[in-house]
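Observations on the three-dimensional arrangement
Residues per chain are reported as follows:
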Amino acid sequence: MCTYYEKNCRILSKIELGNEMQKEYNSDGNASRLKVRLFHGEDRALRGRCIMKYYIDSGNLGDIKRISSYFPLSGMTTNPEILSREKTNPYALYKKIHCEVPQIKQFHMQVVSLSADEIVKEACYMREQLTNGENAIAKDAFFVKIPVDKNGVKAMMKLRELGIAFTATGIF
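Quick look at the packing of aromatic side chains now. Considering all chains together, one arrives at three aromatic pairs under this definition. Taken together, a centroid distance of 4.7 Å and an interplanar angle of 75 degrees make the contact between tyrosine 54 and phenylalanine 71 edge-to-face. One end of the pair, tyrosine 54, is in strand β4 (residues 51-57); the other, phenylalanine 71, is in the loop between α2 (61-68) and β5 (73-77), and 17 residues separate them in sequence. For the pair shown, tyrosine 54 and phenylalanine 71 are each scored as buried.

As a further point, take the pairing of strand β8 (residues 166-169). By the alternation rule, side chains of β8 split into Thr167 and Thr169, which are all buried, and Phe166 and Ala168, of which none is buried. Two strands pair when backbone bridges link them, and strand β7 (residues 142-147) and β8 are joined in this way by four bridges, in the parallel orientation. For proline 147, the partnering residue across the bridge sits in β8 and is threonine 169. This β-α-β element, β7 to helix α6 (residues 150-162) to β8, shows right-handed connectivity.

A word on the pattern of salt bridges. All chains considered together, the criterion is met by four salt bridges. Two residues, aspartate 63 and arginine 66, come together in a salt bridge whose shortest N-O distance is 2.9 Å. Placement of both aspartate 63 and arginine 66 in helix α2 is noted, with a separation of three residues, approximately one turn of the helix. According to the relative accessible area criterion, aspartate 63 is buried, its value standing at 16%. Among the residues examined, arginine 66 registers a relative accessible area of 36% and is labelled partly exposed.

The next subject is the environment of leucine 61. Tracing the chain through its elements places leucine 61 in helix α2. Linking leucine 61 and valine 101, residues 40 residues apart in sequence, is a C-alpha distance of 8.7 Å. Setting aside residues up to four positions removed in sequence, leucine 61 forms contacts with Lys96, Ile97, Glu100 and Val101.

What follows covers the packing of helix α4 (residues 90-100) against helix α5 (residues 116-130). With their axes 10 Å apart at the nearest point, α4 and α5 run at an angle of 45 degrees to one another. As far as their axial angle goes, α5 and α4 are oblique. For the element pair α4 and α5, the recorded crossing hand is right-handed. Contacts between α4 and α5 involve Tyr91, Tyr94 and Lys95 from the first element and Tyr125, Met126, Gln129 and Leu130 from the second. Counted by class, the contact of α4 with α5 contains five nonpolar, one polar and one charged residues.

Quick look at the packing of α5 against α6 now. Running from amino to carboxyl end, α5 crosses α6 at an angle of 45 degrees, the nearest separation of the two axes being 8 Å. It follows from the interaxial angle that α5 and α6 lie oblique. Crossing handedness for the pair α5 and α6: right-handed. Contact with α5, carried on its side by Ala116, Ile119, Val120, Ala123 and Cys124, involves Asn151, Gly152, Lys154, Ala155, Lys158, Leu159 and Leu162 of α6 and no other residues of that element. Partitioning the contact of α5 with α6 into residue classes produces eight nonpolar, two polar and two charged.

Cut-offs used in this document
Residues numbered from 1 in each chain as written. Predicted model: local features only at pLDDT ≥ 70, side-chain atom pairs only at ≥ 80, totals over all residues. Heavy atoms only, no water. Phe/Tyr/Trp six-rings, centres within 6.5 Å; stacked < 30°, edge-to-face > 60°. Helix = DSSP H or I, 4+ residues; strand = E, 2+ residues; numbered from the N terminus. Buried < 20%, exposed > 50% of the residue type's maximum accessible area, 1.4 Å probe, protein only. Pairing = 2+ DSSP bridges. Right-handed = clockwise from strand over helix to strand, strands pointing away. Salt bridge = Lys/Arg side-chain N within 4 Å of Asp/Glu carboxyl O. Contact = heavy atoms within 4.5 Å. Axes fitted to C-alpha atoms, helices over the stretch in contact; angles between N-to-C directions. Parallel < 35°, antiparallel > 145°, perpendicular 65-115°, else oblique. Left-handed = near helix turned anticlockwise from the far one by under 90°. Nonpolar A, V, L, I, M, F, W, Y, C, P; charged D, E, K, R; others polar.

And the structure:
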């Protein structure tokens, strides 16, 4: 497993092999952390089907532009703390990144609500804001990040019914 460290942001690497079982590994470094998700399958499943995708965990447009100029980013992910550092409207920021860094194909934004009903409401609002208007992100490219707890899992089941894509995220 290779690691890549970039000051003040994290690069997420994902190897996709369809619906095989997922294991997660974390590598800690001085400046940042690399999270690699490996989807394991039989050896024959690996041949010709292994696709490596990199996701940057940052909301800083300058960092994203700089890193994407030499690192093959597939998407971006943030959390409320990361977005708060940018001191700008997060929806405008995501649309600006979508417009100025075309290689970013997937966008993951985390909710802040705590109850299942409020999480669903916020997820619908986020999707509405980001997938409509100028520089809109395609609906199939937007993922709502939901914390994995009792209310988060309940919200995920409802979002699945509504056809809204989501990413489950660990909370500590």
